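# Residue-level structural notes
Chain by chain, the residues run as shown.
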Amino acid sequence: MEENKEFKKSQRKKREAQVELWRGYTIDRLIASGAYPNVPFLMKKFEVSEATILRDIERLKSDFKAPIAYDRFKKGYFYTHPTFRIPANLSTEKQIVAARLMANLLETLHGTPIYSQAVEVFTTLATDIDDDSETGFAKRLSNRIVFLGISPVPISDEVWASLEDALAKNHYITFDYAYYDGGQSSQITVEPWQLLFSGGMWTLYAKETATKKIKFYNVWLISNVRSHEETFTLPEDFEYTNRVKGNFGRYIGDETYKFRIRIESSITLNWVRTYKWAEDQNFAPQADGSTIMTFTSNQYYPVLNWVMSQGQWMTPLAPERLVNDWQDHVQAMAGKLKVEK
């Protein structure tokens, strides 16, 4: 009998918690809609007391860090951050973990304008979620999975906003570009196609109007962006991923090569095989214990740098251009070693 009473009591508390959560979601939607709901309105809508509504408002503030304020002229509640919403769809520990990890991933973009735009959304979905489970699984696991990466260089909010606006409206833009050599900056006019993030760097992927060439511009080196009234038409295959062949970084060459590379270390081979460098990559074991890796890519210079980074454990076999460039680099390094000795 006692067990039955405890069960019913537990079920009643669970239903009450669900109803309370439902009211919170509904109040959130009403505030976010700009309706400026007030206590009398909410009391009538939910058929509850003033004390209950005030507790609901306080719970939104304390549990979800909802930026709720009261407008005495419009006589109702509003969000001081209009984009804020409580996480209505997160119901399981796994979803909570995923949301918290997305917030952790955002930290790799810290210092860029897009971080400040996205953090309001994902922080709400992650950091401030109440994990009431007995084990606290979500809280304990989320800080045990960490994303590492190169921190991006801070980008001007003004430049970022101008690029976003031009991308949204397909407007031509002209900007000043400071090259890495430290020389005088150039004025460049482009069709802005995409913003890419790779290796801690934000890049504008665009078509230069003067040369009609597709180029990459480091956003950190862009300044004084001017948007034109004239618009352009995006080609159907404008996306970077539609034009690149290979996953060696941010680069698209004019020519596609069939690469053949000998890998002579089992450790290097095991590392290489853990990544998808190209759609058609293949590994063929050889009688001498080495492995021949083949793949197709139009990212010539990143591939050259990649091969060089593996030192003695990789030897290029094709194309001839790669073999010759690799030999030139190796000989130049060997020459430096002799001079230092």
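Everything below is about the structure shown above.
Let us look at the structure shown here. (Residues numbered from 1 in each chain as written. Predicted model: local features only at pLDDT ≥ 70, side-chain atom pairs only at ≥ 80, totals over all residues. Heavy atoms only, no water.)

In this section: the overall build of the protein chain. Along the protein chain, the regular secondary structure elements total 11 helices and 11 strands. Burial status across the protein chain gives 37% buried among its 341 residues. Pairs at least 24 apart in sequence give 60% of the contacts found in the protein chain among residues at least 6 apart. Summing over all exposed atoms, the protein chain offers an accessible surface of approximately 21,000 Å²; the carbon and sulfur share of this is 52%. (Helix = DSSP H or I, 4+ residues; strand = E, 2+ residues; numbered from the N terminus. Buried < 20%, exposed > 50% of the residue type's maximum accessible area, 1.4 Å probe, protein only. Contact = heavy atoms within 4.5 Å. Areas by Shrake-Rupley, 256 points an atom, 1.4 Å probe, with all protein chains shown as cover.)

Within the secondary structure, G311 sits in the loop between α10 (300–309) and β11 (314–318). The exposure class of G311 is partly exposed, given its relative accessible area of 36%. Separated by 19 residues in sequence, G311 and V330 place their C-alpha atoms 9.2 Å apart.

Counted according to the given criterion, the structure contains 26 aromatic pairs. Taking the centre distance of 6.2 Å and the plane angle of 70 degrees together, the rings of F175 and Y177 count as edge-to-face. According to the relative accessible area criterion, F175 is buried, its value standing at 0%. For Y177, a relative accessible area of 6% corresponds to the buried category. (Phe/Tyr/Trp six-rings, centres within 6.5 Å; stacked < 30°, edge-to-face > 60°.)

Our next topic: the nonpolar core. In terms of nonpolar packing, the biggest core is built from 20 residues, with V272, M293, F295 and W306 touching the most fellow members. Secondary structure elements with two or more residues in this core: β8 (257–263), α9 (266–272), β10 (291–297), α10 and α11 (320–340). Counting residues per element, this core draws most heavily on α10, which supplies five residues. In this view, W306 contacts F248, I261, W271, V272, W277, M293, F295 and M314; residues no more than four positions away in its chain are not counted. In terms of nonpolar packing, the next biggest core, distinct from the first, is built from 19 residues, I155, I173, F175 and A206 among them. (Core = buried A, V, L, I, M, F, W, Y, C linked by side-chain atoms within 4.5 Å.)

Let us now look at the pattern of salt bridges. Within this structure, the stated rule accounts for eight salt bridges. Across the pair D165 and K169 runs a salt bridge, and its minimum N-O distance is 3.1 Å. Here D165 pairs with K169, and both are found in helix α7 (residues 157–169), just four residues apart, close to one helical turn. Two residues, D280 and K258, come together in a salt bridge whose shortest N-O distance is 3.7 Å. (Salt bridge = Lys/Arg side-chain N within 4 Å of Asp/Glu carboxyl O.)

This brings us to helix α2 (residues 39–46). Residues of α2 that are buried include every one of V39, L42 and F46, and no others. Across the axial projection of α2, the buried residues extend over an arc of 65 degrees, all falling on one side. The exposed set on the far side of α2, more than 90 degrees from its buried face, consists of P40 and K44. For α2, the capping residue at the N-terminal end is N38, with a side-chain oxygen 3.0 Å from the backbone nitrogen of F41. At the C-terminal side of α2, E47 shows a positive phi close to 60 degrees. (Arc of directions from axis to C-beta. Polar contact = N/O pair within 3.5 Å; in protein donor to acceptor, adjacent residues only side chain to side chain.)

Our next topic: unusual backbone geometry. Residue P319 follows A318 across a cis peptide bond; omega there is 5 degrees. When you line up the elements, P319 lands in the loop between β11 and α11.

Another aspect to go through is the packing of α2 against helix α3 (residues 50–64). Helix packing geometry: the angle between the two helix axes and the distance between the axes. Taken N-terminus to C-terminus, the directions of α2 and α3 make an angle of 110 degrees; their axes are 9 Å apart at the nearest point. Here α3 runs roughly perpendicular to α2, going by the angle between their axes. Judged by residue contacts, V39, L42, M43 and F46 of α2 engage E50, I53 and L54 from α3. Here the contact of α2 with α3 is built from residues that sort into six nonpolar, no polar and one charged. (Axes fitted to C-alpha atoms, helices over the stretch in contact; angles between N-to-C directions. Parallel < 35°, antiparallel > 145°, perpendicular 65-115°, else oblique. Nonpolar A, V, L, I, M, F, W, Y, C, P; charged D, E, K, R; others polar.)

On to the sheet that holds β11. If you trace the four strands from one edge of the open sheet to the other, you get β9-β10-β8-β11, paired in antiparallel fashion. For this open sheet the edge positions go to β9 (282–285) and β11, each flanked by a neighbour on one side alone. Taken pair by pair, the neighbouring strands of this sheet meet at an average axis angle of 25 degrees, ignoring direction. Along the sheet, α10 contacts β8, β10 and β11; its crossing angle with β8, the most-contacted strand, is approximately 5 degrees. (Pairing = 2+ DSSP bridges.)

Before going further, it helps to spend a moment on the pairing of strand β6 (residues 214–218). Relative to β6, strand β5 (residues 201–208) runs antiparallel, the two sharing five bridges. Each bridged residue has a counterpart across the sheet, and for L204 the counterpart in β6 is Y217. With antiparallel pairing between neighbouring strands as the criterion, β5 and β6 make up a hairpin whose turn holds five residues, including K212 at a positive phi of roughly 65 degrees.

Here the focus is the pairing of strand β3 (residues 171–177). With seven of seven residues buried, β3 is to be regarded as a mostly interior element. Taken together, the five bridges between β3 and strand β7 (residues 222–231) define a ladder with antiparallel strand orientation. Paired with I173 across the two strands is S227, which belongs to β7. When β3 meets strand β4 (residues 186–198), the two strands line up antiparallel, connected through five bridges. Bridging from a neighbouring strand, D176 pairs with Q187 of β4.

What the five strands build is an open sheet, ordered β6-β5-β4-β3-β7; its pairing is antiparallel. At either end of the open sheet lies a strand with only one pairing partner, and these are β6 and β7. In this sheet, neighbouring strand axes are inclined to one another by 45 degrees on average, regardless of whether the strands run parallel or antiparallel. In this sheet, β5 lies alongside β4 in antiparallel orientation, the contact comprising eight bridges. Bridge pairing in β5 links F197 to W202. Sheet strands in contact with α7 are β3, β4, β5 and β7, and its direction is about 90 degrees off that of β4.

Function-wise, these values are silent; they only describe arrangement.
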